[in-house]
Every structure is written in C-alpha cells, then in structure tokens.
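Observations on chain architecture
Residues per chain are reported as follows:
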Amino acid sequence: MKISFLIHNAYGIGGTITTTFNLAAALAERHDVEIVSVLRHREHPNLTPHPGVRLRALVDLRREKDHPLHGRPAKVFPAAEYRHHQYSELTDERIAECLADTDADVVIGTRPGLNVHLALQAPEHVARVGQEHLTLDNHPPALRTALRRAYRRLDVLTTVTEADADSYRRKTRLPGVRVEALPNSVPDPVLPAADSTAKVVVAAGRLVPVKRFDLIIEAFARVAAEFPDWQLRIYGKGEEQDRLRALIETLGLWNNVFLMGAATPMEAEWVKGSIGAAASNFEPFGMTLVEAMRCGLPVVSTDCPYGPGEIIKDGEDGRLVPVGDAAAFGTALLDLVRDDERRRRMGEAAVANARRFAPGPVVAHAERLLQEAIEARNGGPRGTPEHGGTHHTLASRGHAARDLAIAAASNALRTVRKGRR
C-alpha cells in the first residue's frame, strides 16, 4: 500500500505527532509511507522520522509567513476548528494541490479540519480515513455540524477510544462510514523496565492548563511532607512553565519538584521513576499513561473523559481518582509511596496490561482497516453512500450548496493545475 498521512505540523510536539510518527514507522516496515505536514516552522522535526518514512511540508512558515494568501482566512478548513486561525487561503490551495496530485492508495487525516479537506477533496480512487484524536463531545456545536456534513464522504473514521467511537455511532449520521476505535500505539521499550526502587514520581506532557500539572504539584506536597527524599520530575514545555515554577516556590518544594524541560525520547526518563502521574481535566487518550506503563510504572491519573479509564485498571496497574481532587490524588500517590511491594506488583501489572498498545496488535488492526477501505472504494460501485463516492448525494441532506461549491472549487483547481503541467 501507498499510505499518506496529512498532519497539521509535524515539526512541533504533542500526542498526535507522536502517535502519527509511531504508526507511520511501523507501517513503513511493509508499505510505502509518507507524512505530509501542512505547516513547517523549523529545519528539523522534534521527533526523528523512521528512515523509510518520507516527510514533506506544504507551507514553510520560515519563508512564506507573509505570503499574500496566508493573510486571508481559510475557506475549506472549518471556521469552528481550533486551529482555524493558523490556516489560510494558502493552506487551502496547497492541501487541495497535494490531494489532487497524490498517488497514495489511502490518505489519513489526523485532525478534524484536515479530515474535512480529505473528505471533500480527495480523488475518487483514494481511500479516505479520518482520525479523531480529540472527541466528539469536546467539539463545539458548530464544528460538530461541519463534521457531520463532511464526514459522510469518508470511508473510515477512527477514534482512540471505544467510548468516543460509540459517541460517533450514536450521535452522528454517517451512513456507510465505518467507525472504529484504533488506540494509539507506543513502541516496544528498549531499556529494562523500572524496578520500583527509585524515589521518583514522573509526569510528562505539554505544560498547558488542561493537563493540570499544578494539581500534581499540590498533591505531591503531601508526599514531600512525609517523605522528603522523594522527587517529582515534570517533563515538557509550554505556557504554564512560569506559573508552575512560582507554585513550586510558593509551596517550598524547590528541593523536591523539578521542571525538567522537554525530553525526547521519554523512555530513558520514565525508567528512572517508580510512579507515573497524570491529572488532566480531559484526555482523549493518554499517550503518557501508556508510555509510563510500558516502562514499568503504575500511574496515578484523574479519571477524566475518555482515555484513562480504558487504559488503567484501577487498583491493578494504577489508580484512578476524581478530576480536580488534589487531596484524593495525594492520597493515591502516598498509598504507592508507602508500600514498596504494592508499587512493585502494580508496576509489573502495568507492563503486562499495556502490551495491548504495542505496535504489533495496533498496526495489524490499522493495516486491516486500511486494506479493507481500499478494497471497498476501488471494488465497490461508484457514487453510493456505502462507498463514499464523489456523487455521494449531499443535496438530500440539505447541505448541498456549501459542500458542492467546495467540491467544485477543488475540481476546478485540479483542472488548472493539470493544465499548467
């Protein structure tokens, strides 16, 4: 198979970038794989792509930030999408060109706005797979409306949890679109798992409000008061860094809590700890939870929607506590800090239970979905809702004008490009 991933910015950091690079690397062992980054802002990506994965960008912000078209709002990328302010007529044009010219058998979109481009603009022969790394319930109403209109033209829609897949099945009308959960995968560790003896709690992620690193610090204050030889190490960077540093100073935890900056890869840091911590208010999946567990750490996490509850088995390989409850979080940490045997036992269970997120089973599932999508599109009748053909009748659903205008514009652009060639 020729597989193309379409991603917002492969040169940044974040869970979607990590899981895309992981899946692309695993697929590249047997297939022809590329990652197309809409935006680029630096010379080299933070993550190193697999040698067999081609990486290219459509808009290089280092040279094209002031391009006249980049100053005009995007028309295809949904206005209600979170990243709309970073998109423009220039990205509209470049994405349309990319899709018109692709020789891939299947293109995989990795965020809502790109899935819309894919659904409306991909050539007839291309299987269209939209990935949702967020959740339906977290999307604003205007975006949910836009997605319902466009997603009907996808072949497959994947979510990272069963809970979100169920939401899409129940709350959206996507006739003929296959909706399945495809969890993120984490590469097999290369280092020995943690042995639970280090007096270190490890947390990692973007330092942004929703991740609630402040709550972890407040909870850890209870641990430091009883066990002053324990440390909390927080890895990542982001807008909350100064506020978190001030909180550490205010609580007098400068000898116990450390902001370590970003680390890539994280495996070498996870194995230096004995407990993982995550306190998000909202977590579509939870890559850091799986990474920590695969390295032998039981994880204390808030039981937020949706990922943690499908990853952690409470009391067996980690602990789930109420969202926003620093006291409960501190108690769960202390339970593990005080009990060496329990910590060791839960760490071993974490390694065993997290194997379901290894590349093997996840990639096998992905390959099956992609192959079946390709076969259905190329082997089935054109123009039927079951196969998402270009004559997929949007008019009957009352949204013909806007959707068909976009599709027509895309077709016109393809014709112009072919004429130039």
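In short, a report on the structure.

What counts as what
- Residues numbered from 1 in each chain as written.
- Predicted model: local features only at pLDDT ≥ 70, side-chain atom pairs only at ≥ 80, totals over all residues.
- Heavy atoms only, no water.
- Helix = DSSP H or I, 4+ residues; strand = E, 2+ residues; numbered from the N terminus.
- Rg over C-alpha atoms; globule rule 2.2 N^0.38 Å.
- Buried < 20%, exposed > 50% of the residue type's maximum accessible area, 1.4 Å probe, protein only.
- Contact = heavy atoms within 4.5 Å.
- Axes fitted to C-alpha atoms, helices over the stretch in contact; angles between N-to-C directions.
- Parallel < 35°, antiparallel > 145°, perpendicular 65-115°, else oblique.
- Left-handed = near helix turned anticlockwise from the far one by under 90°.
- Nonpolar A, V, L, I, M, F, W, Y, C, P; charged D, E, K, R; others polar.
- Pairing = 2+ DSSP bridges.
- Polar contact = N/O pair within 3.5 Å; in protein donor to acceptor, adjacent residues only side chain to side chain.
- Salt bridge = Lys/Arg side-chain N within 4 Å of Asp/Glu carboxyl O.
- Phe/Tyr/Trp six-rings, centres within 6.5 Å; stacked < 30°, edge-to-face > 60°.

Overview of the overall build of the protein chain
- Across its full length, the protein chain carries 15 helices and 13 strands.
- In terms of overall size, the protein chain behaves like a compact globule, its C-alpha atoms giving a radius of gyration of 23 Å where 421 residues would be expected to give roughly 22 Å.
- For the protein chain, the spread of C-alpha atoms along the principal axes amounts to about 70 × 45 × 40 Å.
- Across the 421 residues in the protein chain, those meeting the buried criterion constitute 57%.

Some thoughts on the side chain of threonine 135
- Mapped onto the elements, threonine 135 comes out in the loop between β5 (127–132) and α5 (141–151).
- By relative accessible area, which is 1% here, threonine 135 ends up buried.
- The contact partners of threonine 135, leaving out residues within four places of it in the chain, are Asp164, Phe282, Pro284 and Tyr306.

Some details on the packing of helix α7 (residues 213–226) against helix α8 (residues 241–250)
- Here α7 crosses α8 at 15°, and the two axes come no closer than 10 Å. Looking at the two axes, α7 sits roughly parallel to α8. Classified by chirality, the crossing of α8 by α7 is right-handed. Here Phe213, Asp214, Ile217 and Glu218 of α7 lie close against α8, whose contacting residues are Arg243, Leu244, Leu247 and Ile248.
- Looking at side-chain class alone, the contact of α7 with α8 contains 5 nonpolar, no polar and 3 charged residues.

Notes on the sheet that holds strand β9 (residues 231–235)
- Overall, parallel pairing links the 6 strands, which are arranged β10-β9-β8-β11-β12-β13 in an open sheet. Looking along the sheet, the strands with just one partner apiece sit at the ends: β10 (257–261) and β13 (318–321). If you compare each strand with its neighbour and ignore which way they point, the axes differ by 20° on average.
- Strands β8 (200–204), β11 (275–278), β12 (299–302) and β13 of the sheet are contacted by helix α12 (residues 326–338), whose axis makes an angle of about 170° with β12.

Here we look at the environment of tyrosine 82
- Along the polypeptide, tyrosine 82 turns up in the loop between α2 (61–64) and α3 (89–101).
- Between the alpha carbons of tyrosine 82 and leucine 39 there is a distance of 15 Å; along the sequence they are 43 residues apart.
- Only 3.2 Å separates the side chain of tyrosine 82 from the backbone oxygen of asparagine 138, close enough to count as a polar contact.

A short note on the pattern of salt bridges
- The final tally for this structure, using the stated rule, is 34 salt bridges.
- The closest approach of N and O atoms between aspartate 314 and arginine 319, which form a salt bridge, is 3.3 Å.
- Residue class for arginine 319 comes out buried when judged on its relative accessible area of 19%.
- Within this structure, Arg40, Glu43, Asp60, Arg62 and Arg63 form a network of salt bridges that share partners.

Overview of the packing of aromatic side chains
- Taken as a whole and judged by the stated rule, the model has 2 aromatic pairs.
- With a centroid separation of 3.8 Å and an interplanar angle of 10°, the aromatic rings of phenylalanine 77 and tyrosine 87 are classed as stacked. Residue phenylalanine 77 is found in the loop between α2 and α3, and its partner tyrosine 87 is found in the loop between α2 and α3; the two are separated by 10 residues along the sequence. In this pair, the class of phenylalanine 77 matches that of tyrosine 87, namely buried.
- Their ring planes at 80° and their centres at 5.7 Å tell us that phenylalanine 285 and phenylalanine 357 sit as a pair that is edge-to-face. Taken together, the residues phenylalanine 285 in the loop between β11 and α10 (287–294) and phenylalanine 357 in the loop between α13 (340–353) and α14 (359–379) connect sequence positions 72 residues apart. Phenylalanine 357 shares its class with phenylalanine 285; the two are buried.

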